[in-house]
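# Summary of the model geometry
The residues making up each chain are set out below.
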Amino acid sequence: MSHEPQAVALRRLTGIGVVLAAGVVATAALCWAIWGGDSLTPHPVARLPEAPRLQEHPSRNLAGYRTATREADAYGWNDADHRSAHIPVRRAMDIMAKEAAR
C-alpha cells in the first residue's frame, strides 16, 4: 500500500499561482483595451438648459397640440389652389386595404 506524501508540491503550487496571476493581469489588460481607460477619467457634468426650464403656459401648449393633432387627422386642402388634399389616416388605411384586397 502506498500513502499520500506529506510534502507540499511547491513547484506545482507556484505554477498554478503564476498562471492565475497571469490570467488576472491579462483580464485587466483586456478590460483596459476595450474601454480605453475611460473608467479612470471623470465624465463631464451635463449642463442644464438656461432658465426657465419649464413650460410657461402648459395648458396653452396642450391646447395648441390638440388643435394641430385634430387638424392633421381631418379632411382638408394642402395648398391654396386646392390641387392636393389630405384625409384622415384611418380613412386612408381603409382605402389602401380595399385596394389591396382586389
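Residues numbered from 1 in each chain as written. Predicted model: local features only at pLDDT ≥ 70, side-chain atom pairs only at ≥ 80, totals over all residues. Heavy atoms only, no water.

### Some thoughts on the overall build of the protein
This is how it is decided: Secondary structure elements are taken from DSSP: a helix is a run of H or I of four residues or more, a strand is a run of E of two residues or more, and numbering for both begins at the N terminus. In this description the radius of gyration comes from C-alpha coordinates, and the expected globular size is given by 2.2 Å times residues to the power 0.38. Between buried and exposed lies partly exposed: a residue is buried under 20% and exposed over 50% of the maximum accessible area for its type, with that area taken using a 1.4 Å probe on protein chains only.
Scanning the protein from terminus to terminus reveals three helices and two strands. Relative to the 2.2 N^0.38 estimate, which gives 13 Å for 102 residues, the radius of gyration of the protein is 36 Å and therefore markedly larger than a compact globule would have. Principal axes of the C-alpha set define a box for the protein whose edges measure 105 × 55 × 25 Å. Out of the 102 residues in the protein, the part that is buried amounts to 2%.

### Quick look at a nonpolar patch on the surface
What counts, and what does not: Patch construction takes residues with relative accessible area above 30% that form no salt bridge. Like charges are linked within 9 Å, and nonpolar side chains (Val, Leu, Ile, Met, Phe, Trp, Tyr) are linked within 5 Å. The Shrake-Rupley method, run with a 1.4 Å probe, gives the accessible areas here. Residue values count only the displayed protein chains as cover. Every case where a carboxyl oxygen of Asp or Glu lies within 4 Å of a side-chain nitrogen of Lys or Arg is listed as a salt bridge.
Taken together, the side chains of Val8, Leu10 and Leu13 define a hydrophobic patch exposed on the protein surface, amounting to about 330 Å² of accessible area. As for its position among the elements, Leu10 is in helix 1 (residues 10-35). Leu10 gets classed as exposed once you look at its relative accessible area, which sits at 59%.

### Some remarks on unusual backbone geometry
If you check the backbone angles, His82 has positive phi at about 60° while not being a glycine. Of note, His82 is situated in the loop between strand 1 (76-77) and strand 2 (85-86).

### Some details on helix 3 (residues 89-101)
Threshold: Expected helix span is taken as 1.5 Å per residue step, with the number of steps being one fewer than the number of residues.
Compared with an ideal rise of 1.5 Å per residue, which puts 13 residues at 18 Å, helix 3 spans 18 Å between its outermost C-alpha atoms and is within 8% of the ideal. Within helix 3, only zero of the 13 residues are buried, leaving the element largely exposed.

In short, the description is geometric, and any link to function would need to be established separately.
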